Structures are given as C-alpha cells and as structure tokens.
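Report on the structure
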Amino acid sequence: MQQTKLKSLSSEELDQLAINTIRTLSIDAVQQAKSGHPGTPMALAPLVYVIWNEVMRFDPQDPIWPNRDRFVLSNGHASMLLWSVLYLTGTRAVNAQYERLGEPAVTLDAIRHFRQLGSKAPGHPEYHWVSGVETTTGPLGQGIATSVGLAIARKWLGSRYNKPDFDLFDYNIYAICGDGCMMEGVGSEAASLAGHLALDDLCWIYDNNHITIDGKTKITFTEDVAARFLAYHWNVLRVGDANDLESIEEALAVFRKTKDRPTLIILDSHIGYGSPHKVDTPAAHGEPLGEEEVKLVKRAYHWPENAKFLVPDGVMEHFAEGIGRRGGKARRDWEALFAKYRERFADLATEIDQMQRRELPAGWNRNLPSFPPDPKGIAGRDASSQVLNVLTQNIPWFLGGSADLASSNRTALKFAGAGEFEPGTPEGRNIHFGIREHAMAAIVNGLSLSKLRAFGSTFFIFSDYARPAIRLSALMELPTIFVFTHDAIGDGEDGPTHQPVEQLISLRAVPGLVVLRPADANEVVEAYRYIMQLRNQPAVLALSRQALPTFDRRKYASAAGVARGAYVMADPADNSPEIILIASGSEVALIVQAHETLAAQGIRSRVVSMPSWDIFEQQPQAYRDDVLLPTVKARLAVEQGSVLGWDRYVGPAGRVTGMKTFGASAPLKELDRKFGFEPERVVATAMEVLGRA
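Summarised in this report is the structure supplied together with it. Sequence order as written defines residue numbering, which begins from 1 separately in each chain. Whole-chain, interface and lining totals are the exception, using all residues; otherwise, since this is a predicted model, local features are given only for residues with pLDDT of at least 70 and side-chain atom pairs are given and counted only at 80 or more. The side-chain values count all of the structure's non-hydrogen atoms but skip hydrogen atoms and water molecules.

Description of the side chain of Ser 269
Applicable threshold: Here a strand is any run of E in DSSP of at least two residues, a helix any run of H or I of at least four, and the numbering for each starts at the N terminus. A 3.5 Å cut-off defines polar contacts: any pair of N or O atoms within that distance qualifies, except that in protein one atom must be a possible hydrogen donor and the other a possible acceptor, and neighbouring residues in sequence count only when both atoms are side-chain atoms. Whether two residues touch is decided by their heavy atoms; if any such pair falls within 4.5 Å, the residues are in contact.
Counting through the fold element by element, Ser 269 comes out in the loop between β9 (263-268) and α11 (291-300). Among the polar contacts listed, one links the side chain of Ser 269 to the side chain of Asp 207, at a separation of 2.4 Å. Excluding anything up to four places from it in sequence, Ser 269 contacts Ala 43, Leu 44, Asp 207, Asn 208, Asn 209, Ala 242 and Asp 280.

Here it is in structure tokens:
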C-alpha cells in the first residue's frame with residue numbers, strides 16, 4: 001500500500017489494517033510451517049492489537065524496564081499473535097547480561113520460519129529464547145497461574161519500594177487464556193488464591209470461543225465461568241464481540257479502575273474468524289487452513305489473496321506512533337523518576353539494581369549457622385528453618401511460603417518484620433499458598449520472573465503435584481527454590497501414600513534442575529550457600545523429617561564438599577579403600593556406621609556423601625575419578641529411594657540398597673528393618689560385594 005493512500009485512511013481503517021496484518025502473518029506462518037494454530041490469532045488479533053497498541057505501558061526499545069506492563073499468552077498455541085506484535089512493534093532483543101542489543105527480537109524471516117529449528121518464532125512462547133516473552137507457556141493453565149506470581153510480585157515490590165511521589169512499581173498484568181486454561185486445575189487453584197489476595201493489578205481475558213480440539217466445548221465444559229469467578233471474588237466483565245475495539249478498550253479501562261479484586265473479561269469470539277468453511281470449528285484450531293481456504297480468508301479481509309507475509313507500508317509506523325511513543329515516554333519518565341529516587345533512597349535503589357541483575361547483596365551469607373557435632377542431631381527441616389530465617393533477613397527480596405504445611409516444613413519466617421503477605425499487608429514475606437501445590441510452583445515461577453528470589457515448600461511426595469511448573473522453571477532457567485521435607489520413608493506411620501520412593505530419580509531426570517539431599521545440618525547450610533548463588537538454575541532441597549546426626553567435621557571432611565555434589569567424607573588411613581560406600585541424606589549416617597564397623601574388622605572403606613548427582617556431574621572428570629576411584633570396583637550405594645540410575649556410580653560389580661517397592665505404614669525403625677536400612681545389613685551387603693560373605 002502506498003504511503004499516500006495510507007494517509008487517507010481513517011483511524012478506524014488504520015486499526016483494521018494493523019489487525020489484519022496480525023491475522024495474515026499468523027495465517028501465512030502456520031500455512032508455510034504446515035503446522036500450528038491459525039484460528040485463535042484470527043479471532044484475537046483485535047484484542048491483542050488493543051492491548052498492545054492502545055493500552056499497555058511497554059517500550060519495544062527496552063523490553064525489560066522494571067515498571068513495564070506484563071503480557072502473558074497463556075493459550076500459548078496461539079504464539080503467532082505474540083510473534084506478530086513483537087515484530088510489528090519492533091521489540092528489541094536483550095541478552096542474559098542485560099545488554100540492549102539493538103537487533104529485533106523477532107524478524108520477518110523468523111516468522112517465515114515459524115516452528116523451525118533455531119527460529120525466534122517457536123511453536124509456543126519461550127521465555128529464555130525470545131525477548132518480549134514474559135513467561136514460557138505451553139501446558140495450558142501455566143501462564144495464568146504464573147501471572148498470579150507476577151501480580152503478587154508487583155504488590156510486594158510496590159509495598160517495599162514505592163514512596164510518596166515515587167510510584168516505582170505500579171504496572172499491570174494482562175493474561176489471555178482459553179477454554180483449556182479454564183479447565184486445567186492449576187488455573188482454578190491460582191484464580192482462587194488471586195481472588196483471596198485481592199490482586200487488582202491482574203486482568204485475565206478469557207477467549208470464549210466454545211471450541212476445543214475434540215469439538216464444541218458443550219461435550220465437556222458447561223459450567224458457568226462467570227459465576228465461578230464471582231465466587232472467587234473476581235470482578236467479571238463481558239465483551240460480546242471480539243471485533244468490538246471500543247468495548248474491549250472500555251473493559252480494560254474498567255479493570256484499571258477496579259480496586260481490591262482481580263478482573264476477568266469474558267470475550268466472546270469466533271475461532272477462525274473470516275474463514276468461510278472453518279470458522280467456529282475444531283479444524284481452525286490445530287492445523288493449517290489450506291492454500292485455497294487461505295485465499296478465501298484473505299478475500300474476506302480485503303487482502304491481496306496471493307500475497308504472503310505482507311506488511312503494508314505504514315503499519316509498523318502506526319505501532320511506533322502507538323505503543324512505541326507511549327511506551328518510550330513511560331519508560332523515560334520512569335528512568336527520570338528512578339534517578340531522583342536514587343538521590344533520596346540510595347540503599348533501596350541499589351537493592352533494585354541488584355535484584356534486576358539477579359545479584360546478591362553484600363553480606364548475604366553473614367551469620368549462617370554452624371552446627372556442632374551431635375550424635376542425636378537435628379532434622380534437615382529444622383536446620384533449613386534456621387538457615388532460611390537468616391538468609392531472608394540478609395536478602396530483603398527473598399520470600400516464599402508453603403502449601404499449608406509451614407509448621408511441618410519449618411519454612412515460616414519468624415524474624416521481626418517478616419509479616420504475612422495478605423491483602424492488607426502486601427509487604428509480608430510469608431506467602432500462604434493454601435493447599436495448592438501446583439499453583440504454588442507456578443506462582444514461585446512468576447515471582448522469580450519478577451526478579452525476586454522465591455521459594456515454595458511442601459512434602460516431598462507432593463512434588464508430583466508441583467512437577468509441571470518445576471519443569472517449566474528449569475526450562476526457563478529460573479533460580480527458583482523448592483523446599484521439600486519428609487524426604488523418604490522416615491514419614492513412617494503415614495504409609496506409602498506419603499513416602500516418596502520415585503520422586504528423587506524423577507526430579508534428577510529434569511534437565512537443568514539441581515536436586516540436593518543433604519546428610520546433616522551442616523550440609524543443609526552448604527546446600528543453601530550453593531543454591532543462593534545460582535542465577536540460571538532452579539533447585540530442589542529434599543530434607544528429612546527426622547533428626548539426623550550432626551557429624552564431627554574434625555573427624556570427617558568439611559561439609560563444604562556439598563558444592564562439588566559429592567565428596568570423600570571418610571577414608572582409610574592409607575587412602576586405599578577396598579570398597580566405596582555412597583549415600584545421600586539420612587543414609588549417609590548409615591554408611592558412616594558401616595564404615596566404622598568395617599574398619600574394626602580390618603576392611604578399608606571410603607565414605608562418599610553424594611547430596612547432588614547434578615552438581616557432581618558438572619565437575620571435571622579428574623575430580624569425579626578422585627572421588628569414585630576407577631580402580632575400586634567394589635561399590636555400594638544406599639538410598640531410601642528408587643534404585644534406578646545408581647548403576648552409573650556403582651558399576652556392574654557394585655550393589656544398590658534402595659527401594660524396589662512402595663513403603664508401608666509402620667514406625668521408622670520397623671521400616672528400616674523391613675527394607676534393609678540397618679548398619680549390620682549394610683555391612684553384610686558390603687561383604688557380599690567384596691566376595692567375603
């Protein structure tokens with residue numbers, strides 16, 4: 001389109017041109033990829049256009065400035081909506097070192113290669129891959145659940161850093177979701193908590209198109225969504241036509257004026273809008289339209305039917321005049337405000353700087369406890385409590401909570417001023433997630449995406465409920481922390497439903513996730529010391545319910561070896577072991593006892609504490625060989641978990657004492673006897689491995 005013709009367009013015509021550009025880019029990308037979801041971008045282009053070009057405070061030239069509005073595409077299969085607007089707005093890429101690179105986050109060439117290897121327009125929004133993406137969304141419900149974490153973070157940031165005349169943090173969070181997000185339980189958990197917390201900075205827009213992959217939603221989903229959200233204490237609005245720009249903008253304006261509750265906008269739309277044969281059908285959901293249908297759709301949009309990836313002259317300039325001008329001014333005004341803020345509140349400004357770069361404040365590890373030798377010892381969860389209450393005082397932006405188990409997990413922050421995060425006290429550092437493990441983990445992701453250091457906690461067995469969000473945390477390379485207690489069959493009488501068996505190996509299987517199972521209180525300290533310095537990896541702590549002996553580190557090696565994942569804790573006097581005993585967590589005390597018994601019998605054994613396979617595998621081969629001597633083939637691993645995977649460390653000549661079944665309901669001593677976790681049984685197995693039974 002010629003520029004002279006563009007100037008003659010009315011404002012409404014220019015809006016429609018931009019909207020149809022989003023639609024046709026999406027259609028062409030899906031068609032060329034022979035894969036994807038064209039129908040939702042066709043339906044929701046007007047909504048996304050209004051949010052981005054008319055409402056959001058977002059500067060495409062600096063997509064990470066701290067007070068930007070956040071946009072979450074929870075129905076991530078419609079990712080072409082996001083790739084289109086990131087391209088059309090000229091959003092710039094930012095690398096992990098927070099350097100403004102200047103190159104586009106998404107190019108037209110990337111869109112042409114939608115869903116192809118290496119393209120910055122992947123099949124779903126990927127946080128670590130494309131600037132302008134606020135969170136990875138793929139599994140439905142995760143995006144909206146994570147947005148609750150973004151909203152909690154905004155409330156907390158505002159409560160700590162905003163001062164009279166200095167509203168540093170007053171941004172809003174917009175999340176688009178579909179029927180799948182409404183059906184998934186994690187979305188319901190998160191919505192319930194958001195309503196309780198009165199998160200009025202949060203707006204979900206529900207794409208009510210009545211279609212899922214298997215057909216019309218009436219075959220599975222007939223509830224009254226509006227009534228449900230009213231019961232959650234949300235403000236519920238309705239827009240009856242997804243093409244009604246004025247009504248969309250009015251609804252968003254009502255959201256911004258609404259106090260003391262989040263907002264749900266139910267937007268009635270037609271999936272595949274403009275397609276004569278596929279509108280309002282599942283065929284528009286998960287497959288390309290087909291070349292002939294694409295032409296018919298483009299005719300309906302008054303678009304050149306043979307043009308592909310067409311961006312008419314002036315469309316990008318229109319976005320530059322909209323979000324570009326508005327967002328740029330908002331960001332510059334904020335930077336000027338922050339400069340004045342720095343003059344008056346220098347310490348708080350430094351905190352913000354450090355937080356944004358995921359740095360730690362000076363003295364973050366001061367006063368960490370050191371535990372004296374004690375054969376009775378202390379439970380891992382109790383040592384963790386002491387460490388958490390020190391670290392959260394040293395790191396002002398470190399906060400979190402439990403899924404209704406703080407008293408059992410020992411995660412309550414009890415120092416003066418810790419407080420509770422509730423509607424009237426958003427400065428609180430204790431977050432009560434309620435019995436919502438899945439939403440808790442997703443919310444922790446949202447807190448971390450907001451650059452807070454955050455932890456969530458529950459029993460280790462319930463990590464299964466949180467696992468999908470933990471996986472996304474690893475995928476996004478976030479330094480989240482998950483504190484799981486009751487780590488093994490030590491849960492005793494609660495029985496097999498509460499005794500984790502396969503959880504350790506299943507979490508060890510997650511790429512990029514650091515799993516630590518400390519052996520005593522000082523290993524707990526060192527585990528936290530390691531975790532807090534992570535910037536791009538999430539961590540899981542598996543902690544004991546029962547007391548574990550605190551080892552005499554004058555006799556045994558320093559717990560600082562935790563930072564290497566595994567370390568030699570005890571060795572024979574000549575450093576030439578005949579057998580290597582390996583364990584994690586509570587079983588380290590068991591192999592130490594066996595080591596002493598074997599020594600008394602003249603048998604030379606090495607004790608290796610291995611709190612983290614993940615960290616150990618990152619060590620140089622020379623160090624790993626120094627710990628697990630290749631010349632010593634006799635090895636025995638002992639762990640109250642699945643034996644799966646231990647063969648990599650014990651080798652074909654070794655043995656593993658572990659769990660091959662579920663647990664049982666009985667006192668711990670009886671369980672130890674039943675499953676072979678007793679010193680004499682470990683000694684007997686060691687003798688068998690040595691061929692001396």
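Here the narrative resumes.
Side note on the pairing of strand β11 (residues 398-402)
Keep this limit in mind: To sort residues, take the accessible area from a 1.4 Å probe on protein chains only and compare it with the maximum for the residue type: under 20% means buried, over 50% means exposed, and anything in between is partly exposed. Pairing between strands is defined by DSSP: at least two bridges between them are needed.
Within β11, five of the five residues are buried, which leaves it mostly tucked inside the rest of the structure. Pairing analysis gives five bridges linking β11 to strand β14 (residues 453-459), with the strands arranged parallel. From the neighbouring strand, Gly 400 faces β14, where its bridge partner is Phe 455. Pairing between β11 and strand β13 (residues 430-432): three bridges, direction parallel.

Comments concerning the packing of aromatic side chains
The criterion, for reference: Think of it this way: a Phe, Tyr or Trp ring, Trp meaning its six-membered ring, pairs with another when their centres are within 6.5 Å, and the plane angle makes it stacked under 30 degrees, edge-to-face over 60, tilted otherwise. Charge over a ring is defined by NZ of Lys or CZ of Arg lying within 6 Å of the ring centre and within 35 degrees of the ring normal.
Taken as a whole, this structure holds 27 aromatic pairs when the rule is applied. On the basis of an interplanar angle of 55° and a centroid distance of 4.7 Å, the ring pair of Trp 204 and Trp 234 is categorised as tilted. Of this pair, Trp 204 sits in strand β5 (residues 202-208) while Trp 234 sits in the loop between α9 (225-231) and β8 (235-239), placing them 30 residues apart in sequence. When its relative accessible area of 0% is taken as the criterion, Trp 204 is described as buried. Plain terms: the ring middles of Phe 616 and Tyr 623 are 6.4 Å apart, the flat faces sit at 65° to each other, and that makes the pair edge-to-face. Through a chain of ring-to-ring contacts, three or more aromatic side chains come together here, namely Trp 65, Phe 166, Trp 334, Phe 338, Tyr 341 and Phe 345. Positioned over the ring face of Tyr 171 is Arg 70, at 4.1 Å from the centre of the ring. Positioned above the aromatic ring of Trp 129 is the side chain of Lys 120, whose terminal nitrogen or guanidinium carbon lies 4.9 Å from the ring centre.

Remarks on the sheet that holds strand β17 (residues 539-542)
Applicable threshold: Axis geometry follows a simple rule: fit a line to the C-alpha atoms, using only the stretch in contact for helices, then measure angles between N-to-C directions, giving values from 0 to 180 degrees.
The seven strands lie next to each other as β12-β13-β11-β14-β15-β17-β16, forming an open sheet whose pairing is parallel. Looking at strand neighbours, the two that pair on one side only are β12 (420-421) and β16 (514-516), the edges of this open sheet. As paired elements, β12 and β13 share two bridges and run parallel to each other. Directly across from Glu 420, in β13, lies its bridge partner Asn 430. Against the sheet, helix α14 (residues 380-394) engages β11, β14 and β15 (481-485), with an angle of about 145° to β11. With respect to the sheet, helix α17 (residues 463-476) is in contact with β14 and β15, its orientation differing from that of β15 by roughly 160°.

Quick word on the environment of Leu 47
If you trace the backbone, Leu 47 turns up in helix α3 (residues 39-55). Note on Leu 47: relative accessible area 2%, which makes it buried. As a C-alpha pair, Leu 47 and Leu 267 span 220 residues in sequence and 9.0 Å in three-dimensional space. The contact partners of Leu 47, leaving out residues within four places of it in the chain, are Ile 176, Ile 205, Ala 242, Ile 248 and Leu 267.

Let's talk about helix α4 (residues 79-88)
With ten of its ten residues buried, α4 lies for the most part within the structure. Among the residues making up α4, those that are buried are Ser 79, Met 80, Leu 81, Leu 82, Trp 83, Ser 84, Val 85, Leu 86, Tyr 87 and Leu 88. Of the surrounding secondary structure, the elements contacted by the buried residues of α4 are α2 (11-33), α3, β1 (70-73), α5 (108-112) and α12 (315-344). Looking one or two residues past α4, Gly 90 carries a phi angle of roughly 70°, positive in sign.

Observations regarding the packing of α3 against helix α10 (residues 245-257)
The condition that has to hold: For classification, angles of less than 35 degrees are called roughly parallel, those exceeding 145 degrees roughly antiparallel, those between 65 and 115 degrees roughly perpendicular, and all remaining angles oblique. By convention, the crossing between two helices is left-handed when the near helix turns anticlockwise from the far helix through less than a right angle, and right-handed when the turn is clockwise. Residue polarity follows a fixed list, in which Ala, Val, Leu, Ile, Met, Phe, Trp, Tyr, Cys and Pro are nonpolar, Asp, Glu, Lys and Arg are charged, and the others, Gly among them, are polar.
Running from amino to carboxyl end, α3 crosses α10 at an angle of 55°, the nearest separation of the two axes being 10 Å. Taken together, the axis directions place α3 and α10 in an arrangement best described as oblique. Pair α3 / α10 crosses with right-handed handedness. Touching Pro 46, Leu 47, Val 50, Ile 51, Glu 54 and Val 55 of α3 are Leu 245, Ile 248, Glu 249, Leu 252 and Arg 256, all from α10. When its residues are assigned to classes, the contact of α3 with α10 shows eight nonpolar, no polar and three charged.

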